[in-house]
Amino acid sequence: MRTSAVVLALFWPVVSGFSPLARSGLRTAGSSLVRRHVQTPASQSGDSSKADSEIATSQLQELRQEYLRAVDDLTAKKAALLEVEEKLNVVADEISDPWDYNFGFISRSTGIYTDLTTGAGNPAGPPPNIFATATKNFRRELNWIVAALRGEEEQFQDDPNCSDRVKEFRMKLKELRLDNDAVWAREAQRPKVPAPLTIFVPYTVLCWVLDGLFDGRPIQRFWFLETVARMPYFSYISMLHLYESLGWWRRSAETKRVHFAEEWNEYHHLLIMESLGGDQMWSDRFLAQHAAVFYYWVLILMWSLSPSLAYNFSELIEAHAVDTYAEFVEENEDILRSLPAPKIARDYYTAADLYFFDEFQTSSRRGERRPEINSLYDVFANIRDDEKEHAATMSACQDKDVVVTAPRTEFLTAAGVVAAIALNRYFSSEVGQEAVADFSERLGISAAIDAMPFLGGIAALLDKSSEFMEGFLRLLPKFFFFGL
């Protein structure tokens, strides 16, 4: 409390003295900017009308300049305040914007783009090299790792400097629930997404694992999902760039723009979950961040083998996300309506420029969807609707013929695996080895190996490779037949 009092003593005179200018100037200039024109009485004409119009135009320009100066000044003061808060590790909720609701959580990542201002701390310029960044991150996380090993991590959820209002919000967040069985029941009632077993089985296993890891912790689950949910778009853009660079395919160039808009949307879902405390536990951060990197490369491989099946897998994930958020919204409607919307949610969904938001609206016309954000309920309802759009986009990106013929490919692959195992067992038996030896002597292969020693090394390497492939082939049937 003494630290909080110091921060208040330092910054309250500046903020309180600036508030009248901010509230009057911003409202006046803001309303002028929204109208973007000045009305004059219809009865005036000639020189008088022209003079009034010039005066009004001049006033509008002055208001705009005043508005911009006020925003720059307030932004600089806020950046300075955030810098001191970060050093002291406190959240001065009492002197925050009256419309800037926060839940008192300090993000465990290194800031977001909305904190950046030109010439006022936290520059947006290039980051340090990978070694410096990794070292700094490890040092920051080390404290949380030690705390987690001691079982003390949960206590960091409650900041003693938070106001009573914020503490009340946090208590309500802890009351939020998600029924996993109800989510699966909802999925069973909707039309099924056509998917081959090679896609459907890993999807099902992944969902079951998440149900177990985050049971009773819906916000942390959503933060994990949104961390990983960005990876498909990163990987798809990477592969489309690769195809273009090699001159293989350039017809899907515009798809990169849609994928970036989808990633930008998922990124803001992630920031919303961070504002609700989804990233507070070190174990959740460790799992989500490493799973995201692994998932990226899995999707790179999957897209390389079949872009349509990669999109099909993403459609399954996005459709499940729709069911999850829909169940969450309905199950917690009363609590969500009683909680305010985080500032980052209002900034994203109600921004003046919604170009990227419109870019991924597949099932509606551009500019038709304009969210209203009045409570946390509206935030999650819009996230649910965003996931619907992502599922529709992933469906539109697929070649349906590939998905339809995928089961036939699975059958042929499984048959090939069984045949490979049968041949391997035959040649591993005494009868098979005698047959190979007899065949080698007739062709003179044995004599050639004796004459050239390096061929013996190659043969030994092939034997080792054969042992490895035997183990690998023995595992494949278990994967394929598990889903039958």
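### Some words on helix α8 (residues 231–245)
In an α-helix, one turn spans 3.6 residues; hence positions three or four apart end up facing the same way.
Then comes step 1: The end-to-end C-alpha distance of α8, which contains 15 residues, comes to 21 Å, matching closely the 21 Å that a straight helix rising 1.5 Å per residue would cover.
Then comes step 2: For α8, the full list of buried residues reads M231, P232, Y233, S235, Y236, I237, M239, L240 and Y243.
Then comes step 3: Residues of α8 that are buried sit in contact with α7 (218–229), α9 (253–275), α10 (282–305), α11 (307–331) and α15 (376–396).
Then comes step 4: Once α8 finishes, G247 follows within two positions and takes phi at roughly 75°, a positive value.

### Considering a nonpolar patch on the surface
Then comes step 1: Residues V205, W208, V209, L213 and L287 make up a contiguous nonpolar surface patch of roughly 440 Å² in combined accessible area.
Then comes step 2: For the nonpolar patch, the element with the most residues is helix α6 (residues 197–213), which contributes four residues.
Then comes step 3: Topologically, W208 is positioned in helix α6.

### Regarding the confidence of the model for the protein chain
Then comes step 1: Looking at the protein chain, pLDDT values average 75 and 65% of them are 70 or higher.
Then comes step 2: Under a pLDDT of 50 for its full length, residues 1–44 has, in the predicted model, 51 contacts with residues more than four places off or in other chains.

### Brief notes about the side chain of T324
Then comes step 1: Topologically, T324 is positioned in helix α11.
Then comes step 2: Using a relative accessible area of 1% as the deciding quantity, one classes T324 as buried.

### Re α7
Then comes step 1: Between the first and last C-alpha of α7 there are 16 Å, a value that for 12 residues agrees with the 16 Å anticipated at 1.5 Å per step.
Then comes step 2: Here α7 lies mainly inside the structure; 11 of its 12 residues are buried.

### Notes on a negative patch on the surface
Then comes step 1: Together, D179, D181, D215 and E331 give the surface a local cluster of negative charge.
Then comes step 2: Mapping D215 onto the fold places it in the loop between α6 and α7.

### Here's the deal with the packing of α8 against α11
Then comes step 1: Two numbers describe how α8 lies on α11: the axes approach to 11 Å, and their chain directions differ by 165°. Comparing their axes, α11 and α8 come out roughly antiparallel. Seen from above, α8 lies across α11 with left-handed handedness. Residues P232, Y233 and Y236 of α8 touch α11, and the partners they reach there are A310, Y311, S314 and E318.
Then comes step 2: Among the residues making up the contact of α8 with α11, the classes are represented as five nonpolar, one polar and one charged.

### A look at the nonpolar core
Then comes step 1: Counting 65 residues, the largest nonpolar core has L276 and F380 as its most contacted members.
Then comes step 2: A per-element tally of this core places α11 first, with nine residues.

What counts and what doesn't
Residues numbered from 1 in each chain as written. Predicted model: local features only at pLDDT ≥ 70, side-chain atom pairs only at ≥ 80, totals over all residues. Heavy atoms only, no water. Helix = DSSP H or I, 4+ residues; strand = E, 2+ residues; numbered from the N terminus. Expected span 1.5 Å × (residues − 1). Buried < 20%, exposed > 50% of the residue type's maximum accessible area, 1.4 Å probe, protein only. Contact = heavy atoms within 4.5 Å. Patch = residues over 30% accessible without salt bridge, like charges linked within 9 Å, V, L, I, M, F, W, Y side chains within 5 Å. Areas by Shrake-Rupley, 256 points an atom, 1.4 Å probe, with all protein chains shown as cover. Salt bridge = Lys/Arg side-chain N within 4 Å of Asp/Glu carboxyl O. pLDDT = per-residue confidence, 0-100. Lys, Arg positive; Asp, Glu negative; His and termini not counted. Charge placed at Lys NZ, Arg CZ, Asp CG, Glu CD. Axes fitted to C-alpha atoms, helices over the stretch in contact; angles between N-to-C directions. Parallel < 35°, antiparallel > 145°, perpendicular 65-115°, else oblique. Left-handed = near helix turned anticlockwise from the far one by under 90°. Nonpolar A, V, L, I, M, F, W, Y, C, P; charged D, E, K, R; others polar. Core = buried A, V, L, I, M, F, W, Y, C linked by side-chain atoms within 4.5 Å.

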